[in-house]
Amino acid sequence: MECEWKPDEQGLQQILQLLKESQSPDTSTQRSVQQRLEQLNQYPDFNNYLIFVLTKLKSEDEPTRSLSGLILKNNVKAHYQNFPNGVSDFIKSECLQNIGDTSPLIRATVGILITTIASKGELQNWPELLPKLCLLLDSEDYNTCEGAFGALQKICEDSAEILDSDMLDRPLNIMIPKFLQFFKHSSPKIRSHAIACVNQFIISRTQALMLHIDPFIENLFALATDEEPEVRKNVCRALVMLLEVRLDRLLPHMHNIIEYMLQRTQDQDENVALEACEFWLTLAEQPVCKEVLCGHLSQLTPVLVNGMKYSEIDIILLKGDIEEDEAIPDNEQDIRPRFHRSRTVAQQHEGDGIEEDEDEDDELDDDDDTISDWNLRKCSAAALDVLANVFREDLLLHILPLLKELLFHPEWVVKESGILVLGAIAEGCMQGMIPYLPELIPHLVQCLSDKKALVRSITCWTLSRYAHWVVSQPPDTYLKPLMTELLKRILDSNKRVQEAACSAFATLEEEACTELVPYLAFILDTLVFAFSKYQHKNLLILYDAIGTLADSVGHHLNKPEYIQMLMPPLIQKWNQLKDEDKDLFPLLECLSSVATALQSGFLPYCEPVYQRCVNLVQKTLAQAMLHQSQPDQYESPDKDFMIVALDLLSGLAEGLGGTIEQLVARSNILTLMYQCMQDKMPEVRQSSFALLGDLTKACFQHVKPCIADFMPILGTNLNPELISVCNNATWAIGEISIQMGPEMQPYIAMVLQQLVEIINRPNTPKTLLENTAITIGRLGYVCPQEVAPMLQQFIRPWCTSLRNIRDNEEKDSAFRGICTMISVNPGGVVQDFIFFCDAVASWVNPKDDLRDMFYKILHGFKNQVGEENWRRFSDQFPLPLKERLATFYGV
């Protein structure tokens, strides 16, 4: 480039004017600025003006220059591939020349610009960038060194993978030793950058760092008591990550590291303390935790407990001094997006409700979610929670003396932290806590009416952590007083308390189930009153409490007076909400639970709800088609609308059974499902397979004509990597086979091989194994000739996965199938006959004809092998199995 590019004066003034206007708070000005920027992007050298203002126009104020750089950064993000070569070269050379600008703001802006260009795949096309930045680190000039380090830190954060790949000739082999030299630099800012750069490569176990792991750790120790908080924070962060990836290297120093982390967890700087506190969370996951930490528990416990108090700043941010805020509308930004958990079909087990794979509601996200989400209080509580699970009663020894002092403390902040401690240890120390609960629970129930809102809200959460115990006692002792007080808190005048009480009540409902039936009128009264009282955010949680209530009490809700209370406010909300409103999600979920519980009681509301769900699915699919054909013109739809609608349709089909038939007949739902079953988003397929199974049970006459189209799709979705999709597809195949009977024959080959592979796969989740076993059994029931030859390949896992589920229709049909297959291919079961005996014994009361099938097979086998061999064989049986078979089947 012979002649340096020069801006045109008039053009420059125009852009400066624009930059000034864009700092105006007025939204209409902002909008016109956006439009003008878009227009200016048509000119190839517009970006030259922007870099010129950032790096050359020293007469302008810094915020304007920085803004110019940030607009340029956005252009690079959006259009870099269209920049002419001359322009991108000019920008790159300007950046490298100005990385050491005397202004920290300008340096940082240039650094951001460099890393944005680098992350557009330009590290390969800008070979001089990394060597140049590394060279600048050695500059005598502080600004240059700091600017180059700032840029390198951002590049390490954004492009860690590429830096450690062959694409770039492994620059880290030079960079990492270089960074390590700067750990001892005289400037704290530089030391901090140096550690931050190296820290990017710990978790990925980058080879270049692993080679220097010992000097790295020594350097960290040397900086352990650095006077700069940012340095201490990065040291703590490094040690926490090393704990995960190079525990072997830390073990020799573990005693000292623990002592150090104890001090840092009490650091004056909260950011340092928070990083250090993560150490305990990570250590708890390591098998060595118990051994290395047991000697330090007496020191660690008070430190964690102390960290669980609200800080003064928390209380200000939480408006902890405002007790009544129920009339103040919510700030829409505070309402977090909710994630809909799509339907998964699961089996009932002995002695409990549906088993959930995740204990999602046990996480410690109890309160203060509006402040910076993660803070010392939460981290300390989470650490105490996981450590309670590791140490159990041993931890309680150290906690109990502290608790006595906290729970009855006159200062509310201290008392509040004690209640949080009590909730945090609930899971791990439950056994040891039981003797104290008869006096603690009444004390906590009293705290529910404390005058401080923050005490009332944490008490709701802590009580919910002990709900399981409360429900195990006679109802009048604890359940009734707890429920009465919680219902009052649902109507509290403070929004945070309302929210905590609603969530706690949902947990109580799950634990208490039908124990709540006597109080239903009283509960519904409260929940319906809350409808008129709640602001936006808590309404969404209220839907959840109502849905959970319906799940918990089931058909007991189906009484005219309850329906009269509950349905009008729900339907009123349903009519208020527009189709695009995300508040439909929790409402649809709630209605789905209510429809399943009310069954015939939901009939009067069924048609408009059904229609709207079908419309939501249709709208979403249409929008997705438009987006696919013209992505520039049409946004992609939010598919959650479709998923939630499919799930509510499943709820209707399950609750209303055959009465849904006319609605299905009058709609195009099956055509829509055919599209949903092929959607690329797994959750959409998952929900459509659940609906397919439910419609198969409710009105097969409408599903049957589509089976030839549906079965191949079901076959291709038996991929156990996507557990829930696979689970629901498997379940649907089983339901279809029961309806099809022998006509299932042409489709067996599409699915059987995959099902047998899944049932033999190690580490398959229980729910999927159970559904797979049931479907294999059902296929064998309707088409024994096709399935029986493979009996030997699945009989053992089949028996072990079904022995724990309750007697029910699905288990019944599956066992009929296995008996039919055994009669077709008795040789297939011989080697694993003990497993079959065990599975048979798991039946509490099979139907008479099924019991006869069992009887025939057991006696047939016994007669086949002869008395002597049978005795030898049955001597291997555990005693309970032996007794059960003798009692029920006389063998």
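Every chain is numbered on its own, with residues counted from 1 as its sequence reads. With the structure being a predicted model, the display of local features is reserved for residues of pLDDT at least 70 and the display and counting of side-chain atom pairs for 80 or more, all residues being used for whole-chain, interface and lining totals. Only hydrogens and water are set aside; all other atoms, that is, all heavy atoms of the structure, feed into the side-chain values.

Asker: Would you take a moment to explain the overall build of the chain for this structure?
Answerer: By the criteria applied, helices consist of DSSP H or I runs no shorter than four residues and strands consist of E runs no shorter than two, each listed in order from the N terminus. Scanning the chain from N- to C-terminus turns up 50 helices and zero strands. Principal-axis analysis of the C-alpha atoms places the extent of the chain at approximately 100 × 65 × 65 Å. Contacts were defined at the residue level, with two residues in contact if any of their heavy atoms lie within 4.5 Å. Pairs at least 24 residues apart make up 75% of the contacts formed inside the chain by residues separated by at least 6 positions. Accessibility throughout is a Shrake-Rupley quantity obtained with a 1.4 Å probe, and a residue counts as covered only by protein chains that appear here. Accessible surface computed for the chain: about 39,100 Å², of which carbon and sulfur atoms make up 51%. Looking at the chain, you have 77 positive and 126 negative side-chain charges, and the mean spots of the two groups are 1 Å apart. The charge count treats Lys and Arg as positive and Asp and Glu as negative. His and the chain ends do not count. Working definition for charges: the position is that of NZ of Lys, CZ of Arg, CG of Asp or CD of Glu.

Asker: How do you make sense of the pattern of salt bridges when you look at a structure like this?
Answerer: Charged atoms that come close allow side chains of opposite charge to pair. One speaks of a salt bridge when a side-chain nitrogen belonging to Lys or Arg is within 4 Å of a carboxyl oxygen belonging to Asp or Glu. A complete count under the given rule lists 39 salt bridges for this structure. Among the salt bridges present, the one from arginine 65 reaches aspartate 101, with a minimum N-O distance of 3.5 Å. You can see arginine 65 sitting in helix α4 (residues 62–79) and its partner aspartate 101 sitting in the loop between α5 (85–98) and α6 (104–122), a full 36 residues away along the chain. Grouping residues by exposure puts arginine 65 and aspartate 101 together as buried. In the salt-bridge network here, residues are joined through shared partners; they are Arg456, Glu485, Lys488, Arg489 and Asp492. Residue exposure (1.4 Å probe, protein chains only): buried if accessible area is under 20% of the type maximum, exposed if over 50%, otherwise partly exposed.

Asker: Mind showing me how you'd approach a negative patch on the surface here?
Answerer: Excluding any residue in a salt bridge, patches collect residues exceeding 30% relative accessible area, merging like charges within 9 Å and nonpolar Val, Leu, Ile, Met, Phe, Trp and Tyr side chains within 5 Å. A grouping of Glu510, Glu511, Asp544 and Asp551 is seen on the molecular surface, where their side chains present a negatively charged patch. Every element with two or more residues in the negative patch is listed here: α29 (495–512) and α31 (536–553).

Asker: Please explain empty space enclosed by the protein as it appears in this structure.
Answerer: The probe, sized like a water molecule, is rolled over the atoms to show the empty space still left. A 1.4 Å probe that fits into a set of points on a 1 Å grid over the protein atoms alone but cannot get out defines a cavity; an open set with protein on both sides within 12 Å along at least five of seven lines defines a pocket, and lining residues are those with an atom within 4 Å of a point. Grid points are joined across faces, edges and corners, and a volume is the space filled by probe spheres set on the points. Inspection of the entire model under this criterion finds two cavities of 30 Å³ or more. Computed from the structure, the largest cavity encloses a volume of approximately 40 Å³. Contributing to the lining of the largest cavity are Ile15, Leu18, Leu19, Ser22, Val33, Leu37, Phe46, Leu50 and Ile71. Looking at the lining of the largest cavity, the elements that each hand over two or more residues are α1 (9–21), α2 (27–40) and α3 (46–55). Charged means Asp, Glu, Lys or Arg here, nonpolar means Ala, Val, Leu, Ile, Met, Phe, Trp, Tyr, Cys or Pro, and polar covers whatever is left, Gly included. Its residues assigned to classes, the lining of the largest cavity shows eight nonpolar, one polar and no charged.

Asker: Please clarify how helix α7 (residues 129–136) should be interpreted in this entry.
Answerer: Since one α-helical turn is 3.6 residues long, residues separated by three or four positions face the same way. Of the positions making up α7, those classed as buried are Leu129, Leu130, Leu133, Cys134 and Leu136. The arc enclosing the buried residues of α7, seen along the axis, measures out at 160 degrees, which places them on a common side. Away from its buried face by more than 90 degrees, α7 exposes Pro131 and Leu135. Note that the arc is defined by the directions from the helix axis to the C-beta atoms.

Asker: It is not clear to me how the environment of leucine 656 should be interpreted in this structure. Could you clarify?
Answerer: Residue position: leucine 656 is located in helix α35 (residues 640–656). Between the alpha carbons of leucine 656 and glycine 601 there is a distance of 8.9 Å; along the sequence they are 55 residues apart. Once residues within four sequence positions are removed from consideration, leucine 656 is found in contact with Gln599, Ser600, Phe602, Leu603 and Cys606.

Asker: Would you mind going over the side chain of serine 813 with me for this structure?
Answerer: Structurally, serine 813 can be placed in helix α46 (residues 809–824). Leaving out residues up to four positions away in the same chain, serine 813 has contacts with Ile738, Gly777, Arg778 and Tyr781.

Asker: Before we go on, may I ask you to explain the packing of aromatic side chains in this structure?
Answerer: Think of a pair of aromatic rings as described by two things: how far the centres are apart, and how the planes are tilted against each other in angle. Any two rings among Phe, Tyr and Trp, with Trp reduced to its six-membered ring, count as a pair given centres within 6.5 Å; such a pair is stacked if its planes are under 30 degrees apart, edge-to-face if over 60, and tilted if neither. Per the counting criterion, the structure on display carries 24 aromatic pairs. Where tryptophan 798 meets phenylalanine 815, the ring centres are 4.9 Å apart and the plane angle is 65 degrees; that geometry is what we call edge-to-face. Here the residue tryptophan 798 occupies a position in helix α45 (residues 791–802), and phenylalanine 815 occupies one in helix α46, the gap between them amounting to 17 residues. Here tryptophan 798 matches phenylalanine 815 in class, with each residue buried. Ring geometry for phenylalanine 833 against phenylalanine 861: centres 3.7 Å apart, planes inclined by 10 degrees, an arrangement best described as stacked.

Asker: Teacher, can you tell me more about the packing of α29 against α31 here?
Answerer: How two helices sit against one another is set out by the angle between their axes and by the gap between those axes. Each axis is a line fitted through C-alpha atoms, and for a helix only the stretch in contact is used; angles between axes span 0 to 180 degrees, taken between their N-to-C directions. Orientation of α29 relative to α31, taken along the N-to-C sense of each, is 15 degrees, at an axis distance of 9 Å. When the interaxial angle is binned, α29 and α31 end up roughly parallel. Judged by the twist between their axes, the crossing of α29 over α31 is left-handed. Of the residues in α31, those touching α29 at Lys495, Gln498, Glu499, Cys502, Ser503, Ala506, Glu509 and Glu510 are Lys537, Asn538, Ile541, Leu542, Asp544, Ala545, Thr548, Leu549 and Ser552. Per-class residue counts for the contact of α29 with α31 are six nonpolar, five polar and six charged. Should an angle fall under 35 degrees it is taken as roughly parallel, and over 145 as roughly antiparallel, whereas 65 to 115 is taken as roughly perpendicular and any remaining angle as oblique. For any helix crossing, the convention is left-handed if the near helix is rotated counterclockwise from the far helix by under a right angle, and right-handed if that rotation is clockwise.

Asker: Sorry if this is basic, but what is going on with unusual backbone geometry here?
Answerer: Negative phi characterises most residues that are not glycine, and trans characterises most peptide bonds. Phi is positive for arginine 392, which is not a glycine, with a value near 50 degrees. Examined against the element boundaries, arginine 392 turns out to sit in the loop between α21 (376–391) and α22 (393–407). The class of arginine 392 is partly exposed, set by a relative accessible area of 38%. In this structure, glutamine 599 is a non-glycine residue whose phi angle is positive, near 50 degrees. Along the chain, the position of glutamine 599 falls in the loop between α33 (584–598) and α34 (603–629). Judged by its relative accessible area of 38%, glutamine 599 is partly exposed.

Asker: Any chance you could explain the confidence of the model for the chain here in plain terms?
Answerer: Low pLDDT marks stretches whose predicted atomic positions should not be read closely. For the chain, per-residue confidence averages 87 on the pLDDT scale, and residues scoring 70 or more make up 94% of the total. pLDDT measures how confident the predictor is about each residue, on a scale from 0 to 100. In this model residues 351–372 is a low-confidence stretch, pLDDT under 50, and it forms 49 contacts with partners more than four residues away in sequence or in other chains.

Asker: Can you help me understand the nonpolar core in this one?
Answerer: Within soluble globular proteins, side chains that are nonpolar tend to cluster in buried spots. Trp280 and Phe602 are the most contacted members of the largest nonpolar core, which has 309 residues in total. The greatest single-element share of this core, amounting to 11 residues, is contributed by α35. When residues no more than four places from it in sequence are discounted, the contact partners of tryptophan 280 are Ile258, Met261, Leu262, Thr265, Leu293, Leu300, Leu304, Ala383 and Leu387. For the purposes of this section, nonpolar cores are sets of buried Ala, Val, Leu, Ile, Met, Phe, Trp, Tyr and Cys residues that join through side-chain atoms within 4.5 Å. Within the second largest apolar cluster, five residues are counted, among which are Tyr310, Ile315, Val413 and Leu454.

Asker: How should I be thinking about the environment of serine 187 in this particular structure?
Answerer: Mapped onto the elements of the fold, serine 187 is located in the loop between α10 (172–181) and α11 (188–199). Remark: the alpha-carbon pair of serine 187 and glutamate 146, spanning 41 residues in sequence, is separated by 9.2 Å. Any pair of N or O atoms that falls within 3.5 Å is considered a polar contact. Within protein, one atom must be able to donate a hydrogen and the other to accept it, and sequence-neighbouring residues count only if both atoms are side-chain atoms. Within the structure, the side chain of serine 187 is placed 3.3 Å from the backbone nitrogen of lysine 189, a separation counted as a polar contact.

Asker: Help me understand the packing of helix α43 (residues 766–782) against α45, please; the structure alone is not making it clear to me.
Answerer: Two numbers describe how α43 lies on α45: the axes approach to 9 Å, and their chain directions differ by 120 degrees. On the basis of the axis angle, α43 is oblique to α45. The handedness of the crossing between α43 and α45 comes out as left-handed. Where α43 abuts α45, its residues Leu769, Glu770, Ala773, Ile774, Ile776 and Gly777 lie against Phe794, Trp798, Ser801 and Leu802. A class-by-class count of the residues in the contact of α43 with α45 yields seven nonpolar, two polar and one charged.

Asker: So what exactly am I meant to see when it comes to the side chain of lysine 811 here?
Answerer: With respect to the helices and strands, the residue lysine 811 is situated in helix α46. Here lysine 811 is buried and forms no salt bridge, its nearest opposite-charge partner aspartate 807 lying at an N-O distance of 4.1 Å. Beyond its immediate sequence surroundings of up to four residues, lysine 811 is in contact with Leu802, Arg803, Ile805, Arg806, Ser842 and Trp843.

Asker: Help me understand the state of the cysteines in this model?
Answerer: Two cysteine sulfurs form a disulfide in these notes if their separation is within 2.5 Å. In the structure shown here, the tally under the stated rule is zero disulfides. Cysteine 606 supplies the cysteine sulfur nearest to cysteine 613, a cysteine that is in no disulfide, at a spacing of 9.4 Å. We classify cysteine 613 as buried; its relative accessible area is 0%. Looking at the unpaired cysteine 706, the closest cysteine sulfur is the one in cysteine 699, lying at 11 Å.

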